[in-house]
Amino acid sequence: MSAQHAEAGTSAPLPLRTIGDIRAALRSGHGFPGDQETFEVDLQRALEASTETDLKAVAAVIVDYRGRIRLYQDPDFDIALQEGIDLAMRTKREARGEWQVSSLS
């Protein structure tokens, strides 16, 4: 993961109460690559599909991206992601009959 991500994990949680807060966080580099653009597309789709009395789709987009930003800020996310990648690689090697010899330190 990037150094920017690592730095983001050490900061205080961002206030993410409004669409403006989410936009500001995404503009500041919080969130995953492409989130700033996809947020606007997803929000627009949800708005177009909503009625004036039913904004559940809009709320779902807001909750989703707020969660993505918080996940990106989590300092343990990089570790968990790397563990998942390592496990997937190990499983693929084992399935192909390749055994990696690990060194004990």
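You'll find the structure just up there.
According to the stated counting rule, one finds three aromatic pairs in the structure shown. Centre to centre, the rings of Phe32 and Tyr72 are 5.2 Å apart; their planes meet at 85°, and the pair counts as edge-to-face. Here Phe32, found in the loop between helix H2 (19–27) and helix H3 (35–49), pairs with Tyr72, found in helix H4 (residues 56–73); they are 40 residues apart in sequence, far enough to count as distant. Per residue, the accessibility class of Phe32 equals that of Tyr72, and both read buried. A ring pair is formed by Phe39 and Tyr65, whose centres lie 5.1 Å apart and whose planes are at 70°; its orientation type is edge-to-face. In this pair, Phe39 sits in helix H3 while Tyr65 sits in helix H4, placing the two residues 26 residues apart along the sequence.

Among the structural elements, Ser50 can be located in the loop between H3 and H4. Of the polar contacts made by the side chain of Ser50, one reaches the backbone oxygen of Ala46; its length is 2.6 Å.

Note on helix geometry: an α-helix contains 3.6 residues per turn, so any two residues three or four positions apart are oriented the same way. Taking 1.5 Å of rise per residue, the 15 residues of H3 would be expected to cover 21 Å, and the 20 Å separating its terminal C-alpha atoms lies within 8% of that figure. Turning to H3, its buried residues are Asp35, Phe39, Leu43 and Ala46. End-on, the buried residues of H3 take up no more than an arc of 65°, which puts them together on one face. Of the residues in H3, the exposed ones pointing more than 90 degrees away from the buried face are Glu37, Arg45 and Glu48. Packed against the buried residues of H3 are H2 and H4.

Moving on, we get to H2. The set of residues buried in H2 consists of Ile22, Ala25 and Leu26. Looking straight down H2, one finds that the buried residues subtend no more than 95° of arc, so they occupy a single side. Where H2 ends, the next residue or the one after it, Gly29, has phi of about 95°, a positive value.

Before going further, it helps to spend a moment on the pattern of salt bridges. Inspection of every chain in the model, using the stated rule, returns three salt bridges. With a closest N to O distance of 2.6 Å, Asp35 and Arg68 form a salt bridge. Residue Asp35 is found in helix H3, and its partner Arg68 is found in helix H4; the two are separated by 33 residues along the sequence. Among the residues examined, Asp35 registers a relative accessible area of 2% and is labelled buried. With its nearest N and O atoms 3.7 Å apart, the salt bridge here joins Asp42 to Arg45. Note that Asp42 and Arg45 are positioned in helix H3 at a spacing of three residues, about one turn of the helix. Of the residues examined, Arg45 reaches a relative accessible area of 56% and is grouped as exposed.

Procedures and definitions
Residues numbered from 1 in each chain as written. Predicted model: local features only at pLDDT ≥ 70, side-chain atom pairs only at ≥ 80, totals over all residues. Heavy atoms only, no water. Phe/Tyr/Trp six-rings, centres within 6.5 Å; stacked < 30°, edge-to-face > 60°. Helix = DSSP H or I, 4+ residues; strand = E, 2+ residues; numbered from the N terminus. Buried < 20%, exposed > 50% of the residue type's maximum accessible area, 1.4 Å probe, protein only. Polar contact = N/O pair within 3.5 Å; in protein donor to acceptor, adjacent residues only side chain to side chain. Expected span 1.5 Å × (residues − 1). Arc of directions from axis to C-beta. Contact = heavy atoms within 4.5 Å. Salt bridge = Lys/Arg side-chain N within 4 Å of Asp/Glu carboxyl O.

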